[in-house]
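Chain by chain, the residues:
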Amino acid sequence: KVGPQGDAETRRNAISSLVRLCETVGIGSSERKAEVKESPIVGLNKKQVAKIFDSLLTSLKDYNTDRRGDVGSWSRVAAMKGLV
């Protein structure tokens, strides 16, 4: 879960990393098995996907501001990119 940490860049980067993880590893092992036979990568299971999806949805509620303005929008944008 990406919580209310004070560092906007950390929250944004955490969301972006979760999105890249999903893109790289994939969801479920059966999809990847046919694609890459020798790959040791096992896709994300349903529980992991649910946690990631929950984190993305939680990030859509990030409306933190500081002297730079609406820094929560950085997390919201990263989450929206991951949800599409």
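Whatever comes next refers back to the structure up there.
Residues numbered from 1 in each chain as written. Predicted model: local features only at pLDDT ≥ 70, side-chain atom pairs only at ≥ 80, totals over all residues. Heavy atoms only, no water.

Overview of the overall build of the protein
1) Next: Helices and strands together make up the secondary structure of the protein, namely 4 helices and 0 strands.
2) Next: If you list the helices and strands of the protein from N to C, you get α-α-α-α.
3) Next: Pairs at least 24 residues apart make up 44% of the contacts formed inside the protein by residues separated by at least 6 positions.
4) Next: Taken as a whole, the protein presents about 5,900 Å² of accessible surface, with 57% of it coming from carbon and sulfur. (Helix = DSSP H or I, 4+ residues; strand = E, 2+ residues; numbered from the N terminus. Contact = heavy atoms within 4.5 Å. Areas by Shrake-Rupley, 256 points an atom, 1.4 Å probe, with all protein chains shown as cover.)

Observations regarding helix α3 (residues 46-59)
1) Next: Given a rise of 1.5 Å per residue, 14 residues ought to cover 20 Å, and the 20 Å separating the end C-alpha atoms of α3 matches this to within 8%.
2) Next: Of the residues making up α3, those classed as buried are Ile52, Ser55, Leu56 and Ser59. Viewed end-on, α3 has its buried residues packed into an arc of 100°, placing them on one side of the element. Summarising the geometry of α3, the exposed residues directed more than 90 degrees from the buried face are Lys46 and Lys47.
3) Next: Considering only its buried residues, α3 is in contact with α1 (8-25) and α4 (72-83). (Expected span 1.5 Å × (residues − 1). Buried < 20%, exposed > 50% of the residue type's maximum accessible area, 1.4 Å probe, protein only. Arc of directions from axis to C-beta.)

Focus on the environment of Asn64
1) Next: Note on placement: Asn64 falls in the loop between α3 and α4.
2) Next: Sequence separation between Asn64 and Trp74 is 10 residues, and the spatial gap between their C-alpha atoms is 9.8 Å.
3) Next: The contacts of Asn64, once residues within four sequence positions are left out, are Arg11, Gly69, Asp70, Val71 and Gly72.

With respect to the packing of α3 against α4
1) Next: Two numbers describe how α3 lies on α4: the axes approach to 8 Å, and their chain directions differ by 140°. Put simply, α3 runs oblique to α4. Relative to α4, α3 is oriented so that their crossing is left-handed. Facing Phe53, Leu56, Leu57 and Ser59 of α3, the residues of α4 in contact are Ser75, Arg76, Ala79, Gly82 and Leu83.
2) Next: The class makeup of the residues in the contact of α3 with α4 is 5 nonpolar, 3 polar and 1 charged. (Axes fitted to C-alpha atoms, helices over the stretch in contact; angles between N-to-C directions. Parallel < 35°, antiparallel > 145°, perpendicular 65-115°, else oblique. Left-handed = near helix turned anticlockwise from the far one by under 90°. Nonpolar A, V, L, I, M, F, W, Y, C, P; charged D, E, K, R; others polar.)

A few points about the nonpolar core
1) Next: With 8 residues, the main nonpolar core is built from Ile15, Val19, Val25, Leu44, Ile52, Leu56, Ala78 and Ala79.
2) Next: Of all the secondary structure elements, the ones that give two or more residues to this core are α1, α3 and α4.
3) Next: The element that contributes the greatest number of residues to this core is α1, accounting for 3 residues.
4) Next: With near-sequence residues (within four places) excluded, Val19 lies in contact with Leu56, Ala78 and Gly82. (Core = buried A, V, L, I, M, F, W, Y, C linked by side-chain atoms within 4.5 Å.)

Describing the pattern of salt bridges
1) Next: Inspection of every chain in the model, using the stated rule, returns 4 salt bridges.
2) Next: Notably, a salt bridge pairs Asp66 with Arg68, separated by 2.7 Å at the nearest N-O pair.
3) Next: The partly exposed category is assigned to Asp66, whose relative accessible area is 32%.
4) Next: With a relative accessible area of 38%, Arg68 lands in the partly exposed category.
5) Next: Across the salt bridge formed by Arg76 and Asp70, the nearest N and O atoms sit 2.7 Å from each other.
6) Next: Each of Glu9, Asp66 and Arg68 takes part in salt bridges that share partners, so that together they form one network. (Salt bridge = Lys/Arg side-chain N within 4 Å of Asp/Glu carboxyl O.)

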